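# Structural description and commentary
Residue strings, one per chain:
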Amino acid sequence: MSVKFAVIPAAGLGTRFLPATKAIPKELIPLVDKPLIQYVVEEAVAAGIETIVLVTHASKSALENHFDSQYELEAELEARGKQALLEVARSTLPAGVKIVSVRQGKALGLGHAVACAAPIVQDNPFVVLLPDVICYAQGDNATAQLVKDYEMYGQSVISLLPVPMTEVHKYGIAGVTEQQAITTLVEKPAAEVAPSNLSVLGRYLFNASIFAELAKTQRGVGGEIQLTDAMHAILAKETMRGVAFDGEVHDCGDKLGYLNATLTFAARHASLGADFKTLLAQHAQA
Ligand code: UTP
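All of the points below concern the structure found in this document.

Tracing the backbone through its elements, the reader meets Leu201 in strand β11 (residues 198–206). In sequence terms Leu201 and Lys106 are 95 residues apart; their C-alpha atoms lie 24 Å from each other. Leave out the neighbours within four places in its chain, and Leu201 touches Val133, Cys135, Ser159, Leu160, Leu161, Phe245 and Val249.

Attention now goes to the pairing of β11. Burial analysis of β11 places 8 of its 9 residues in the buried class, the great majority of the element. Where strand β6 (residues 126–129) meets β11, 4 bridges bridge the pair, whose relative direction is antiparallel. Paired with Val127 across the bridge in β11 is Leu205. Bridge analysis of strand β8 (residues 157–162) against β11 gives 5 bridges, and the strand direction is antiparallel. Across the sheet, residue Leu161 finds its bridge partner in β11, namely Ser199. Where strand β9 (residues 172–176) meets β11, 2 bridges bridge the pair, whose relative direction is antiparallel. Bridging across to β11, Ala174 finds its partner in Leu198.

Time to look at the environment of Ala6. Among the structural elements, Ala6 can be located in strand β1 (residues 5–9). Each C-alpha atom of the pair Ala6 and Phe126 lies 5.3 Å from the other, and the pair is 120 residues apart in sequence. Each residue touching Ala6, except ones within four places of it in the same chain, is listed here: Ala44, Ile49, Thr51, Ile52, Val53, Val127 and Leu129.

This part is about the site of the ligand. Around the ligand, the structure places 18 residues, and the nearest of them are Ala11, Thr15, Arg16, Gln104 and Gly109. Looking at the shell around the ligand, its residues break down into 9 nonpolar, 5 polar and 4 charged.

Within this structure, the stated rule accounts for 17 salt bridges. Lys237 is paired through a salt bridge with Glu213; the nearest N and O atoms lie 2.4 Å apart. Of this pair, Lys237 sits in the loop between α9 (227–235) and β12 (241–244) while Glu213 sits in helix α8 (residues 209–216), placing them 24 residues apart in sequence. For Lys237, a relative accessible area of 55% gives the class exposed. By relative accessible area, Glu213 is classed as buried at 8%. Each of Arg16, Lys26, Asp132 and Asp251 takes part in salt bridges that share partners, so that together they form one network.

Glancing now at the packing of aromatic side chains. All told, the structure shown has 6 aromatic pairs when counted by the stated rule. Ring geometry for Phe17 against Tyr258: centres 5.3 Å apart, planes inclined by 80°, an arrangement best described as edge-to-face. One end of the pair, Phe17, is in the loop between β1 and β2 (30–31); the other, Tyr258, is in helix α10 (residues 255–268), and 241 residues separate them in sequence. For the pair Phe17 and Tyr258, a shared accessibility class is recorded, and that class is buried. Between Phe126 and Phe211, the ring centres sit 4.8 Å apart and the planes meet at 0°, which makes this aromatic pair stacked. One end of the pair, Phe126, is in strand β6; the other, Phe211, is in helix α8, and 85 residues separate them in sequence. Each member of the pair, Phe126 as well as Phe211, is classed as buried. One aromatic cluster is present, formed by Phe126, Tyr204, Phe206 and Phe211 through successive ring pairs. Seen from the ring of Tyr153, Arg241 lies directly overhead, with NZ or CZ sitting 3.6 Å from the centre.

What counts and how
- Residues numbered from 1 in each chain as written.
- Predicted model: local features only at pLDDT ≥ 70, side-chain atom pairs only at ≥ 80, totals over all residues.
- Heavy atoms only, no water.
- Helix = DSSP H or I, 4+ residues; strand = E, 2+ residues; numbered from the N terminus.
- Contact = heavy atoms within 4.5 Å.
- Buried < 20%, exposed > 50% of the residue type's maximum accessible area, 1.4 Å probe, protein only.
- Pairing = 2+ DSSP bridges.
- Near = heavy atom within 4 Å.
- Nonpolar A, V, L, I, M, F, W, Y, C, P; charged D, E, K, R; others polar.
- Salt bridge = Lys/Arg side-chain N within 4 Å of Asp/Glu carboxyl O.
- Phe/Tyr/Trp six-rings, centres within 6.5 Å; stacked < 30°, edge-to-face > 60°.
- Lys NZ or Arg CZ within 6 Å of the ring centre and 35° of its normal.

Here it is as structure tokens:
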């Protein structure tokens, strides 16, 4: 079965990034010249996704607007003969892709946000991409890697990123067999008891059976419905696989992670990169 649905949970409060996120959704903060969510949508589309379910909140309607057409802007650019900019304005939603948005009335947790997409996704397998986690790879992107794995094994599968043992206490860590089956998931373990150094990075592919588990999941840590708790329940019944991601992962929901991503992506930018590196060198000397 091919994977055509993606869920992007974007209804959270973004408290780690206040005050920037007081009136602006975290997912619309630009990384160099594109909002974070644009990178994630492009990753999903490059992996063959055709329908993207955005889980948003009443205070975040700018997110839906970003993927809609903006008539006044487009008419003005057309009248001024600014064809290249017109293309940029129109290309936020890649051709052949549908974005459907659903509301999560209250930020009751990531698991609850994913469950809000069930009426659209129904019985189909789907990927979940956390929009504040920005990945970069030379080869297959993280989502494409999951889709390929699913096409081969037909089992839920999540992306894992090796981290130094000294940092496992900051992440969700998975225990994995040689055959890549996940045996356990532990939230922020101390290094001595961590099952591995493989962190859960924010890209998941689930069979629709996760929805039934989410519906049964009680509020857990922080009073929120946790995706990890539903994944635990799945582990007792089905094989869930883990694949190591070979690339960069940036937590842009964290201020320092965002700054690091900005430097990295700006230095690599096709038209700005060279000048940006000159600027950086000047700052380093100052
Ligand atoms: P985070 O915990 O990183 O985002 O959740 P947050 O809650 O917005 O941010 P902080 O921690 O307060 O700074 C990962 C993703 O899940 C979404 C968030 O929007 C984010 O993209 N999310 C989280 C929801 O959609 N609903 C929720 O109830 C919680």
